[in-house]
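Survey of secondary and tertiary structure
Each chain is listed here by its residues.
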Number of protein chains: 2
Amino acid sequence: MNCALISIGTELLFGQIINTNTVYLSQQLNTLGINVYYHFTVGDNHQRLKEVLNYALQNADMVITTGGLGPTQDDLTRETIAKAMGKRLVLHAPSMKRLESFFRDLNRPMCENNKKQAYLPEGSIVLQNNNGTAPGFIIDHEGKVIISLPGPPKEMMGMFTEGVMEYLQEKSKATIYSRVLRFFGIGESALETELLDMISNQENPTLAPYAKEGEVSLRITAKAENDVKAMALIKPVIEEIRSRVGEYLYSEQDEELAEVVAKQLMEKQITISLAESCTGGLLAGRLTAVPGISKCFYSGYITYSNEAKAGMLGVKNATLEKYGAVSEETAKEMVMGLRKKQNSDLCVSITGIAGPDGGTDEKPVGLVYIGIMYKEQLTVHRLNTFGDRARIRNYTVLSALNAIRNAIK
Amino acid sequence: MNCALISIGTELLFGQIINTNTVYLSQQLNTLGINVYYHFTVGDNHQRLKEVLNYALQNADMVITTGGLGPTQDDLTRETIAKAMGKRLVLHAPSMKRLESFFRDLNRPMCENNKKQAYLPEGSIVLQNNNGTAPGFIIDHEGKVIISLPGPPKEMMGMFTEGVMEYLQEKSKATIYSRVLRFFGIGESALETELLDMISNQENPTLAPYAKEGEVSLRITAKAENDVKAMALIKPVIEEIRSRVGEYLYSEQDEELAEVVAKQLMEKQITISLAESCTGGLLAGRLTAVPGISKCFYSGYITYSNEAKAGMLGVKNATLEKYGAVSEETAKEMVMGLRKKQNSDLCVSITGIAGPDGGTDEKPVGLVYIGIMYKEQLTVHRLNTFGDRARIRNYTVLSALNAIRNAIK
């Protein structure tokens with residue numbers, strides 16, 4: 001069974017609001033084993049809505065609309081769907097009663113235009129709205145299903161869970177279950193190359209890689225009668241992937257790298273201290289986003305200037321002069337100074353050129369040194385990355401997290 | 001001129017990511033006076049992409065696609081568009097050169113599949129990608145325009161502003177000009193109440209308030225022949241708003257609060273030091289995102305534990321014991337200790353309970369103290385905010401930035 005979503009509302013076409021309804025419905029439908037093939041958005045325009053609705057009905061088994069069920073003139077969904085399905089709008093007495101009592105309870109007069117919300121396509125299953133005025137409806141007609149829900153997310157979600165979910169569970173036979181693996185240190189194309197035979201010959205489960213800023217995710221999706229059977233299909237695939245590119249794989253549960261690292265530190269009771277220059281607190285900010293990290297993380301230094309590197313961490317002025325603030329030697333002295341001051345199990349220093357200015361031929365923007373001292377082992381990683389200031393800083397934070405992950409493995 | 005947007009990527013149909021590209025492009029196109037009639041989303045499926053592309057081309061003057069330009073097998077946009085427009089894919093030598101040097105610079109091998117990114121529809125205007133590998137392109141053919149952009153938001157936005165904006169400005173005749181005012185410290189409904197008569201009686205320009213996490217924006221949009229005439233319509237409206245709610249208005253240019261504050265510090269040559277507890281480096285990270293801030297910001301402390309507050313900033317153990325780490329007294333001693341150590345013009349301390357644990361009846365989650373010492377003036381601000389850990393930390397950072405803004409006004 002496959003499905004098209006149609007979002008109706010001119011405010012979406014203006015980019016004034018983000019279409020979260022589509023995200024919610026897509027997630028729900030996929031979990032129910034219903035393939036979402038299309039998202040469409042149209043404005044409050046009768047002609048274009050009609051045409052898109054017809055296109056969707058021709059190309060999908062089921063169409064779910066959100067929006068356009070309100071009381072005002074530009075709310076056209078009921079009329080347009082009724083016409084497309086060759087049905088009249090008829091009064092739904094219980095809905096009219098609910099509307100009347102709704103306004104009575106609010107002690108507000110009910111406007112004439114509110115009444116039109118109680119007129120629904122003949123033969124529909126009516127969906128009660130427990131969070132607003134507009135009822136929704138389901139039409140099941142000649143092998144096609146149309147489900148029409150209100151636009152406000154709260155009303156839509158309430159109606160979906162209370163009135164639609166069960167209906168769809170009965171319609172759909174399969175479950176779609178997916179797991180997202182996350183990788184760092186390997187590009188999207190390199191990952192695909194490593195897994196090409198698995199991706200090409202995929203049927204069930206399917207594999208889909210996609211790139212996020214500085215990292216790659218791989219979604220493995222299986223279709224089966226239930227979760228347990230779907231997971232049984234996915235498990236051997238994950239094992240094979242682990243054996244091929246396991247060194248880059250940092251999460252099998254779609255977690256953030258910072259979360260994975262913070263959890264490992266907490267689990268292994270490793271204390272950590274940070275001294276950041278070009279990332280200016282970003283790494284600390286990312287780690288402290290994870291609740292409970294105060295068990296392992298006590299303090300950090302942001303040593304942005306040379307004076308701070310010397311004064312707060314004891315980096316020698318001679319080192320700064322001879323090698324520069326962005327150098328292996330400075331990263332090393334930063335992390336050694338940090339260890340001396342804090343005596344944490346793991347110390348991390350970062351120094352680099354985030355740009356846009358400050359680069360030279362010899363030391364271009366994107367050059368970063370990360371010092372890691374775990375127990376008595378000191379390593380300095382050198383990065384040559386690219387992009388604007390925000391990308392370089394973000395990629396540096398991810399690289400540092402990955403270096404921590406490897407150090408404490 | 002009207003336009004359809006097509007987002008390509010199965011991850012969107014799974015609801016795994018939010019389609020922010022569509023929001024961005026819709027806003028930009030509307031500003032350029034181009035009507036957005038449709039948003040379409042399809043997966044990485046050749047047949048469905050082809051059909052939707054044809055539908056879009058039949059119903060709109062211009063089609064903008066995002067996604068599917070990557071190096072992997074499921075990236076089908078180039079091929080599908082070329083076929084739909086009856087064009088061959090041909091090697092674009094400068095793009096191949098860029099790809100080669102990109103991988104050379106990274107010191108990574110270039111996979112075979114990367115090469116396909118340099119094959120573009122014959123006769124296209126090629127759009128260089130300054131934030132990634134995939135070039136985009138524009139085809140202007142028999143009265144229809146197709147613009148194809150990469151999917152990662154950063155690459156898409158960079159390419160749009162650098163390569164597409166000017167092209168579209170020439171295509172479109174009317175100008176829609178808008179200014180976004182940003183406020184902190186006033187809620188959306190309170191702002192609307194203050195400006196109700198202006199919002200209700202709007203025609204040209206129009207006023208649209210919208211809430212972002214912890215702040216409110218107000219978009220003022222005018223339609224005119226050119227920027228100068230549009231700005232003449234907007235100017236008196238801004239003046240009126242300034243006279244009513246000017247104390248909350250921190251930017252008339254849609255800037256981030258951190259950017260506004262960093263610029264003021266740089267302009268006024270005020271040096272700043274930070275000591276962060278519950279925000280754990282987030283404030284420093286936000287300030288150091290602004291290029292050039294190294295002129296004013298030299299160093300910061302992340303004093304997450306009591307030991308760090310005592311050891312690094314000299315907060316008295318007696319104070320920590322008597323009043324607790326989250327207290328006016330501790331915030332005060334933190335900022336005084338910071339001043340003593342760093343001697344900056346402006347010192348800021350933050351201590352609070354970000355949750356989810358650690359709250360009590362007396363000191364609930366969301367209680368935060370911000371100490372500000374500017375020259376010889378010391379103030380401690382007390383916040384009682386709500387929400388999850390991420391929201392509390394973000395709101396605390398915004399509040400601290402706003403306190404800095406007010407202190408140096």
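Residues numbered from 1 in each chain as written. Chains lettered and ligands numbered in written order. Predicted model: local features only at pLDDT ≥ 70, side-chain atom pairs only at ≥ 80, totals over all residues. Heavy atoms only, no water.

What follows is about the overall build of chain A. Of the regular secondary structure elements, chain A holds 15 helices and 17 strands. In terms of C-alpha radius of gyration, chain A reaches 28 Å, well past the compact-globule figure of 22 Å for 409 residues. Its C-alpha atoms give chain A principal-axis dimensions of about 85 × 55 × 40 Å. Here chain A holds 409 residues, and the buried ones make up 54% of them. Of the contacts made within chain A by residues no fewer than 6 positions apart, 66% connect residues no fewer than 24 positions apart. Accessible surface, chain A as shown: approximately 17,300 Å² in total, 48% of it carbon and sulfur. Here chain A contributes 44 positively and 47 negatively charged side chains, and the mean placements of these two sets differ by 3 Å. (Helix = DSSP H or I, 4+ residues; strand = E, 2+ residues; numbered from the N terminus. Rg over C-alpha atoms; globule rule 2.2 N^0.38 Å. Buried < 20%, exposed > 50% of the residue type's maximum accessible area, 1.4 Å probe, protein only. Contact = heavy atoms within 4.5 Å. Areas by Shrake-Rupley, 256 points an atom, 1.4 Å probe, with all protein chains shown as cover. Lys, Arg positive; Asp, Glu negative; His and termini not counted. Charge placed at Lys NZ, Arg CZ, Asp CG, Glu CD.)

What follows concerns the sheet that holds strand β7 (residues 136-141) of chain B. In spatial order, the strands read β6(A)-β7(A)-β8(A)-β3(A)-β1(A)-β2(A)-β2(B)-β1(B)-β3(B)-β8(B)-β7(B)-β6(B); together these 12 strands make up an open sheet with mixed pairing. In the strand order of this sheet, the two ends are held by β6 (125-127) of chain A together with β6 (125-127) of chain B, each with one partner. In this sheet, adjacent strand axes meet at a mean angle of 15° when their direction is disregarded. Here strand β3 (residues 62-66) of chain B runs beside strand β8 (residues 144-149) of chain B; their pairing, made up of five bridges, is parallel. If you follow T66(B) over to β8(B), its bridge partner there is L149(B). Its contacts with the sheet put helix α2 (residues 20-31) of chain B on β1 (2-8), β2 (35-42), β3 and β8 of chain B, and the angle it makes with β1(B) is roughly 165°. (Pairing = 2+ DSSP bridges. Axes fitted to C-alpha atoms, helices over the stretch in contact; angles between N-to-C directions.)

What follows deals with the sheet that holds strand β10 (residues 206-212) of chain A. Residue and element names in this part refer to chain A. Strand order in the open sheet formed by four strands is β10-β11-β9-β12, with antiparallel pairing between adjacent strands. Among the strands making up the open sheet, the edge pair consists of β10 and β12 (249-251). Strand-to-strand twist in this sheet, taken as the mean axis angle between neighbours without regard to direction, amounts to 35°. Pairing between strand β9 (residues 175-184) and strand β11 (residues 215-224): 10 bridges, direction antiparallel. Bridge assignment links T175 to a residue of β11, and that residue is A224. Relative to the sheet, helix α15 (residues 389-407) contacts β9, β11 and β12, its axis offset from that of β9 by approximately 90°.

All names here are of chain B. The buried fraction of β1 is high, at seven of seven residues. Residues N2, A4, I6 and I8 of β1 are buried on one face, and the alternating residues C3, L5 and S7, pointing to the opposite face, are buried as well. With seven bridges joining them, β1 and β2 adopt parallel strand pairing. Following the sheet pairing, C3 is matched in β2 by V36.

Moving on to the pairing of β8(B). The two faces of a sheet get side chains in turn, since along a regular strand they alternate between them. When you tally the buried positions in β8(B), you get five out of six residues, the bulk of the element. Here β7(B) folds back onto β8(B) in antiparallel fashion, the turn holding two residues, of which E142(B) has a positive phi close to 50°.

Before going further, it helps to spend a moment on the pattern of salt bridges. Tallied over the entire structure, the rule returns 27 salt bridges over all chains. Its salt-bridge partner being R242(A), residue E252(A) comes within 2.7 Å of it at the nearest N-O pair. Highlighted residues: E252(A) in the loop between β12 and α10 (257-268) and R242(A) in helix α9 (residues 227-245), separated in sequence by 10 residues. The salt bridge involving E112(B) is made with K115(B); its shortest N-O contact spans 3.4 Å. In this structure E112(B) comes out as exposed when scored by relative accessible area, which is 59%. Sharing partners across several salt bridges, the network here consists of R182(A), E215(A), D254(A) and E256(A). (Salt bridge = Lys/Arg side-chain N within 4 Å of Asp/Glu carboxyl O.)

As a further point, take the UniProt feature "domain: MoaB/Mog" (unreviewed entry) in chain A. As annotated in UniProt, the feature "domain: MoaB/Mog" (unreviewed entry) corresponds to residues 4-171 of chain A in the numbering used here. Regarding residues 4-171 of chain A, the helix share stands at 42% and the strand share at 23%, and the terminal C-alpha atoms are separated by 16 Å. (UniProt positions renumbered as here; feature names shortened; annotations may be inferred.)

Take the environment of I272(B) next. Inspection of the secondary structure assignment puts I272(B) in strand β13 (residues 272-276). Taking the C-alpha atoms as reference points, I272(B) and I8(B), separated by 264 residues in sequence, lie 46 Å from one another.

Right, let's get into unusual backbone geometry. What you tend to see is this: most non-glycine residues have negative phi, and most peptide bonds are trans. Residues and elements named next belong to chain A. Geometrically, the link from G355 to P356 is a cis peptide bond, its omega value of 0° lying close to zero. Examined against the element boundaries, P356 turns out to sit in the loop between β15 (346-352) and β16 (367-374). One non-glycine residue, Q269, adopts positive backbone phi at about 50°. Of note in this structure, K375 is not a glycine but carries a positive phi near 50°. For K375, the location among the structural elements is in the loop between β16 and β17 (377-384).

Within the structure shown, the criterion is met by 20 aromatic pairs over all chains. Between the aromatic rings of Y55(A) and Y55(B), the centroid separation amounts to 4.8 Å while the plane-to-plane angle is 45°, which identifies the pairing as tilted. One end of the pair, Y55(A), is in helix α3 (residues 46-59); the other, Y55(B), is in helix α3 (residues 46-59), on a second chain. Exposure remark for Y55(A): the relative accessible area of 11% places this residue in the buried category. Through a chain of ring-to-ring contacts, three or more aromatic side chains come together here, namely Y37(A), Y38(A), F40(A), Y55(A), Y37(B), Y38(B), F40(B) and Y55(B). Between the NZ or CZ atom of R48(A) and the centre of the ring of Y37(B), over which it lies, the distance is 3.4 Å. Of note, R391(A) hangs over the ring of F386(A), and the distance from its end group to the ring centre comes to 4.0 Å. (Phe/Tyr/Trp six-rings, centres within 6.5 Å; stacked < 30°, edge-to-face > 60°. Lys NZ or Arg CZ within 6 Å of the ring centre and 35° of its normal.)

Here we come to the nonpolar core. L346(A), V348(A), L346(B) and V348(B) are the most contacted members of the largest nonpolar core, which totals 80 residues. For this core, the element with the highest residue contribution is α15(A), accounting for eight residues. With near-sequence residues (within four places) excluded, V348(A) lies in contact with I272(A), S273(A), L274(A), A275(A), L283(A), V335(A), L338(A), I370(A), G371(A), I372(A) and I404(A). One finds V63(A), M85(A), L120(A) and V42(B) within the second-largest nonpolar core, a separate group that totals 44 residues. (Core = buried A, V, L, I, M, F, W, Y, C linked by side-chain atoms within 4.5 Å.)

All names here are of chain A. Taken as a whole, chain A is organised into domain 1 (2-171), domain 2 (175-251) and domain 3 (257-407). Look at where the C-alpha atoms of domain 2 and domain 3 centre, and you get two points 31 Å apart. Each partner contributes to the interface: domain 2 provides nine residues, whereas domain 3 provides nine residues. With both sides pooled, the region where domain 2 packs onto domain 3 buries about 780 Å², and carbon together with sulfur makes up 60% of that total. Area buried by domain 2 at its contact with domain 3 is led by F184, E213 and Y250, which between them contribute 72% of it. Linking domain 2 to domain 3 there are zero salt bridges. Here domain 2 is connected to domain 3 by two residue pairs in polar contact (both at pLDDT 80 or more). The biggest single contributor to the side of domain 2 that touches domain 3 is β12, with three residues. (Domains from an automatic or database assignment. Buried area = accessible area lost by both parts, 1.4 Å probe. Polar contact = N/O pair within 3.5 Å; in protein donor to acceptor, adjacent residues only side chain to side chain.)

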